[in-house]
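Letter by letter, the chains look like this.
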Amino acid sequence: MTPVTPAPTSPPVFDFHARLVPQDGAAARLLDTMDAHGITRAAVSAGGTIPLDLLSRQLVEGGHIETDADNDAVLAACRTSGGRLVPFHFANPHREPAAYAGRAAEFRGLEISPAVHGVPFADPRTHALVEIAERHRHPVYTVCLHRPGAMVRDLAALAAAFPRVTFVLGHSGVGEIDLHGIGLIKDSPNVLLETSGGYAAVIRLAVERLGARRLLFGTEHPLQHPSVELAKYAALGLEHRQLRQILWHNAADLLGPEDPL
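As a starting point, this report considers the structure included with it. Not measured: the values here are computed from a predicted model. (Residues numbered from 1 in each chain as written. Predicted model: local features only at pLDDT ≥ 70, side-chain atom pairs only at ≥ 80, totals over all residues. Heavy atoms only, no water.)

## Considerations on the overall build of the chain
As a reminder of what qualifies: Note on conventions: DSSP H or I runs of at least 4 residues are helices, E runs of at least 2 residues are strands, and numbering of each starts at the N terminus. For the radius of gyration, the atom set is restricted to C-alpha positions; the globular benchmark scales as 2.2 Å times the number of residues to the power 0.38. Exposed residues in this analysis have more than 50% of their type's maximum accessible area, buried residues have under 20%, and partly exposed residues fall in between, with area computed by a 1.4 Å probe over protein chains only. Contact criterion: two residues are considered in contact whenever any of their non-hydrogen atoms come within 4.5 Å of each other. For this count, His and the chain ends are skipped, Lys and Arg are scored as positive, and Asp and Glu as negative. Note that the charge is assigned to NZ on lysines, CZ on arginines, CG on aspartates and CD on glutamates.
A tally of regular secondary structure across the chain gives eleven helices and eight strands. In terms of C-alpha radius of gyration, the chain reaches 17 Å, essentially the compact-globule figure of 18 Å for 261 residues. For the chain, the spread of C-alpha atoms along the three principal axes comes to 50 × 40 × 35 Å. Burial statistics for the chain: of 261 residues in total, 54% are counted as buried. For the chain, restricting intrachain contacts to residue pairs at least 6 apart in sequence, the fraction spanning at least 24 positions comes to 73%. Positive and negative side-chain charges in the chain, numbering 23 and 28 respectively, have mean positions lying 5 Å apart.

Structure follows, in structure tokens:
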């Protein structure tokens, strides 16, 4: 596949949301894909925690699992990546928060998933994890659902309770055209929007309504190929400064331009 770049003079690219599945060679494949598409760095969380068929059913019908993500594999891959892969801790709220607190210094961000573990944003277990993230200055990545306790308005309420924490609403909100969700976070300055999966038109409207400083480029690799997400930005014809803000600066501001470890 021919690599797709967002502009003739492309800015550097920081993928804010990729996954590492627990398979031999997964990190090498991710780095090769990044190289082929001009992606300099990527924030990575554990993948493969839940079978996709089960996740698909839970998204529609509800339910949850209590399985731990393989955070150790993520750390191991990041340590050998020369700083290119930035580790996020995929927390399991069904465990004691000490599982995150005791190792938080090894990670650069936190992921919580009501879709996987089924714990609402207002639940004390979620709050306990966010309190740890606040102490370590970790951004918190999550995905919202059309379900009480996990909707975008619930995330906005969580962000209001923790104004010093940066939250990232993944996948352009709930579904591909969640303009309503964009409106719900407009007055929540500590909530940013990660754009993988959303329609190009939604990204354009998010730039107009939130500003380029509140968007983050992501891919959801390996479920989505980076060329698809880059093509959406190429089609938008954004100003170079807006592209540079979204594709690099916002993520670098949150996670550091270089890995300090």
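Moving on, there is more to tell.
## With respect to the pattern of salt bridges
The test is simple: By convention in these notes, a salt bridge is any Lys or Arg side-chain nitrogen within 4 Å of a carboxyl oxygen on Asp or Glu.
If you walk through the whole model with that rule in mind, you get eleven salt bridges. The closest approach of N and O atoms between Glu106 and Arg79, which form a salt bridge, is 2.6 Å. Here Glu106 is found in the loop between helix 4 (98–101) and strand 4 (109–111), whereas its partner Arg79 is found in helix 3 (residues 71–79), with 27 residues between them in sequence. Note on Glu106: relative accessible area 25%, which makes it partly exposed. Measuring nitrogen to oxygen at the nearest pair gives 2.7 Å for the salt bridge that ties Arg241 to Glu239. You can call Arg241 exposed: its relative accessible area is 58%. Residue classification places Glu239 among the partly exposed positions, given a relative accessible area of 42%.

## A few points about the sheet that holds strand 2 (residues 39–46)
The test is simple: Between any two strands, pairing holds if DSSP finds at least two bridges. Axis lines are fitted to C-alpha atoms, over the contacting stretch for helices. Their N-to-C directions set the angle, which ranges from 0 to 180 degrees.
With parallel pairing, eight strands are arranged side by side in an open sheet as 1-2-3-4-5-6-7-8. Each edge of the sheet is formed by a strand with only one pairing partner; in this case those strands are strand 1 (13–20) and strand 8 (215–216). Pairing of strand 6 (residues 167–169) with strand 7 (residues 191–194) involves three bridges; the strand directions are parallel. Across the sheet, the residue bridging to Leu169 is Leu193, located in strand 7. Of the strands in this sheet, strand 1, strand 2, strand 3 (85–90), strand 7 and strand 8 touch helix 11 (residues 240–255), which is tilted by about 70° from strand 1.

## Quick look at the pairing of strand 2
Burial analysis of strand 2 places seven of its eight residues in the buried class, which makes it a mostly covered element. The sheet contact formed by strand 1 and strand 2 spans six bridges and is parallel. Following the sheet pairing, Arg19 is matched in strand 2 by Ser45. When strand 2 meets strand 3, the two strands line up parallel, connected through three bridges.

## Looking at helix 11
This is how it is decided: Expected helix span is taken as 1.5 Å per residue step, with the number of steps being one fewer than the number of residues. We define the bend at each residue as the angle formed by axes fitted to the 7 residues ending at it and the 7 residues starting at it.
The end-to-end C-alpha separation of helix 11 is 22 Å, in line with the 22 Å expected for 16 residues at 1.5 Å each. Along helix 11, the helix axis deviates most sharply at Ile246, where the bend reaches about 45°. Taken residue by residue, helix 11 has Gln242, Leu243, Gln245, Ile246, Leu247, Trp248, Asn250, Ala251, Ala252 and Leu255 as its buried positions. Check the buried side of helix 11 and you find it contacts strand 1, strand 2, strand 3, helix 9 (200–210), strand 8 and helix 10 (226–236). Within two residues after helix 11, Gly256 carries a phi angle of roughly 95°, on the positive side.

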